[in-house]
Amino acid sequence: MSLVAFIIGAGPHIGAAVGTLLKQKGYRIALGSRNPKIDETKAGFYPVKVDASSPESIQAAFQTVNAELGPPNVVIYNAASFHPLPTPEDPLSLPLESLQSSTAVGLGVFAAAQQAIAGFRSGVHKDSSKAFIVTGNLLPFITALPSYTSLDIQKVVSARLVETFATAYKKDIRFYFASLVSPSGEIPEDFPKSADTHAQVYWDLINGGTQGNWDHRFTLDGKKLPGYEKP
Ligand SMILES: NC(=O)c1ccc[n+]([C@@H]2O[C@H](COP(=O)([O-])OP(=O)(O)OC[C@H]3O[C@@H](n4cnc5c(N)ncnc54)[C@H](OP(=O)(O)O)[C@@H]3O)[C@@H](O)[C@H]2O)c1
């Protein structure tokens, strides 16, 4: 059995930390981004070109990963798209194509999950943990912030898709929208220090057995935020 993880939106922060930890745990790692670094091959990673705003690009990238490493049993969807407002506090000053491209990255979760589930169900991973984790934030859960309109719509779309899949496939696949928050449950200031925490939390979610709350909020110490879930 070959354990394979595909990180979509793999960069120097979360992607590098998650990839390094999973590699230590025996995984083969595909690092996907629009401009993958060929040097990563030397470090034992497999760089893959993928644009998360394009379903066709996601499909092609999975074909490559399936052929080169085997189908992933873990997919991390870490890509994000943020366009600042041309006029502060005026969300309708955002060019329509900026909103469309950010929304497309949110919708990319559908194409990626569709590709992932084919591999999860292929039989190769009958006995492997199967997990699809989207790097989230609090935007879907708080009052809309006009200055973040593009990223907000992306995260709202992807959170809803994760909730849908977590509900539908809870029997044997884990779907999480995992968000670092501050100790008081708000937007965190310590995100730049959180790469290793993300890696440990994702590892725990991958191996956590049954599906927990798809909306997984955690703090810099890696612990689940207490008290945010509805009774
Ligand atoms: N919890 C919070 O409050 C919070 C705060 C900040 C960020 N975040 C989330 O953290 C994630 C990113 O974190 P990070 O620090 O790991 O970022 P990072 O180190 O900058 O890596 C992200 C990588 O994604 C790639 N990327 C961007 N757009 C892409 C696309 N359309 N298709 C494929 N790859 C793409 C970029 O590489 P290329 O340019 O080569 O494509 C980049 O290297 C995002 O999901 C973001 O929303 C959460």
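Procedures and definitions
Residues numbered from 1 in each chain as written. Predicted model: local features only at pLDDT ≥ 70, side-chain atom pairs only at ≥ 80, totals over all residues. Heavy atoms only, no water. UniProt positions renumbered as here; feature names shortened; annotations may be inferred. Helix = DSSP H or I, 4+ residues; strand = E, 2+ residues; numbered from the N terminus. Rg over C-alpha atoms; globule rule 2.2 N^0.38 Å. Buried < 20%, exposed > 50% of the residue type's maximum accessible area, 1.4 Å probe, protein only. Contact = heavy atoms within 4.5 Å. 1 Å grid on protein atoms, 1.4 Å probe; cavity = no way out; pocket = protein on both sides within 12 Å on 5 of 7 lines; lining within 4 Å. Points joined across faces, edges and corners; volume = space filled by probe spheres on them. Nonpolar A, V, L, I, M, F, W, Y, C, P; charged D, E, K, R; others polar. Salt bridge = Lys/Arg side-chain N within 4 Å of Asp/Glu carboxyl O. Expected span 1.5 Å × (residues − 1). Patch = residues over 30% accessible without salt bridge, like charges linked within 9 Å, V, L, I, M, F, W, Y side chains within 5 Å. Areas by Shrake-Rupley, 256 points an atom, 1.4 Å probe, with all protein chains shown as cover. Core = buried A, V, L, I, M, F, W, Y, C linked by side-chain atoms within 4.5 Å.

As its UniProt record puts it under Sequence similarities (unreviewed entry), the protein is described as follows: "Belongs to the short-chain dehydrogenases/reductases (SDR) family."

S.K.: Help me understand the overall build of the protein, please; the structure alone is not making it clear to me.
M.R.: A tally of helices and strands in the protein yields 5 helices and 7 strands. The linear arrangement of helices and strands in the protein, starting from the amino end, is β-α-β-β-α-β-α-β-α-β-α-β. For 231 residues, the compact-globule estimate of 2.2 N^0.38 gives 17 Å, and the C-alpha radius of gyration of the protein, at 17 Å, lies within 12% of that figure. Projecting the C-alpha coordinates of the protein onto the three principal axes gives extents of approximately 50 × 40 × 35 Å. Expressed as a percentage of its 231 residues, the buried residues of the protein come to 50%. In the protein, the share of contacts with a sequence separation of at least 24, taken over all contacts with a separation of at least 6, comes to 66%.

S.K.: Just to check I follow, could you spell out the layout of surface pockets for this structure?
M.R.: Estimated volume of the largest pocket: approximately 470 Å³. Elements represented by at least two residues in the lining of the largest pocket include exactly α1 (14–24) and α4 (149–168). The computed volume of the second largest pocket comes to approximately 300 Å³. Lining the second largest pocket are 17 residues, with Gly9, Arg34, Ala52, Ala79 and Ala80 sitting closest to its centre. Residues belonging to the lining of the second largest pocket are distributed by class as follows: 7 nonpolar, 8 polar and 2 charged.

S.K.: Just to check I follow, could you spell out the pattern of salt bridges for this structure?
M.R.: Note on pairing: side chains with opposite charge can pair once their charged atoms come close. In this structure the tally under the stated criterion is 5 salt bridges. Across the pair Asp172 and Arg121 runs a salt bridge, and its minimum N-O distance is 2.8 Å. Here Asp172 is found in the loop between α4 and β6 (174–180), whereas its partner Arg121 is found in the loop between α3 (96–120) and β5 (131–135), with 51 residues between them in sequence. Residue classification places Asp172 among the partly exposed positions, given a relative accessible area of 32%. Note that Lys224 is salt-bridged to Glu229, the shortest N-O span being 3.0 Å. The partly exposed category is assigned to Glu229, whose relative accessible area is 35%.

S.K.: Explain helix α5 (residues 195–206) here, please?
M.R.: In an α-helix, one full turn covers 3.6 residues, which means residues spaced three or four apart are oriented alike. The terminal C-alpha atoms of α5 lie 16 Å apart, and with 12 residues this matches the ideal 16 Å at 1.5 Å per residue to within 8%. Those residues of α5 that sit buried are Ala195, Thr197, His198, Ala199, Val201, Tyr202, Trp203, Leu205 and Ile206. The secondary structure elements touched by the buried residues of α5 are α1, β4 (74–77), β5, β6 and β7 (215–218).

S.K.: I keep staring at a nonpolar patch on the surface and nothing clicks. Help me out?
M.R.: Judged by side-chain polarity, Phe82, Ile142, Leu145, Tyr148 and Ile187 come together as a nonpolar surface patch covering roughly 420 Å² of accessible area. Here Ile187 shows up in the loop between β6 and α5.

S.K.: Would you explain the nonpolar core in this entry?
M.R.: Within soluble globular proteins, side chains that are nonpolar generally end up buried alongside one another. Grouped together as the largest cluster of nonpolar side chains are 34 residues, with contacts concentrated most on Phe6, Ile8, Phe62, Tyr77, Phe132 and Phe175. Elements with a contribution of two residues or more to this core: β1 (4–8), α2 (55–68), β4, α3, β5, α4 and β6. Top element by residues in this core is α3. It accounts for 8 residues. Setting aside residues up to four positions removed in sequence, Phe132 forms contacts with Val75, Tyr77, Val109, Ala112, Ala113, Ala116, Arg174, Phe175 and Tyr176. Grouped together as the second largest cluster of nonpolar side chains are 27 residues, Leu21, Tyr202, Leu205 and Phe218 included.

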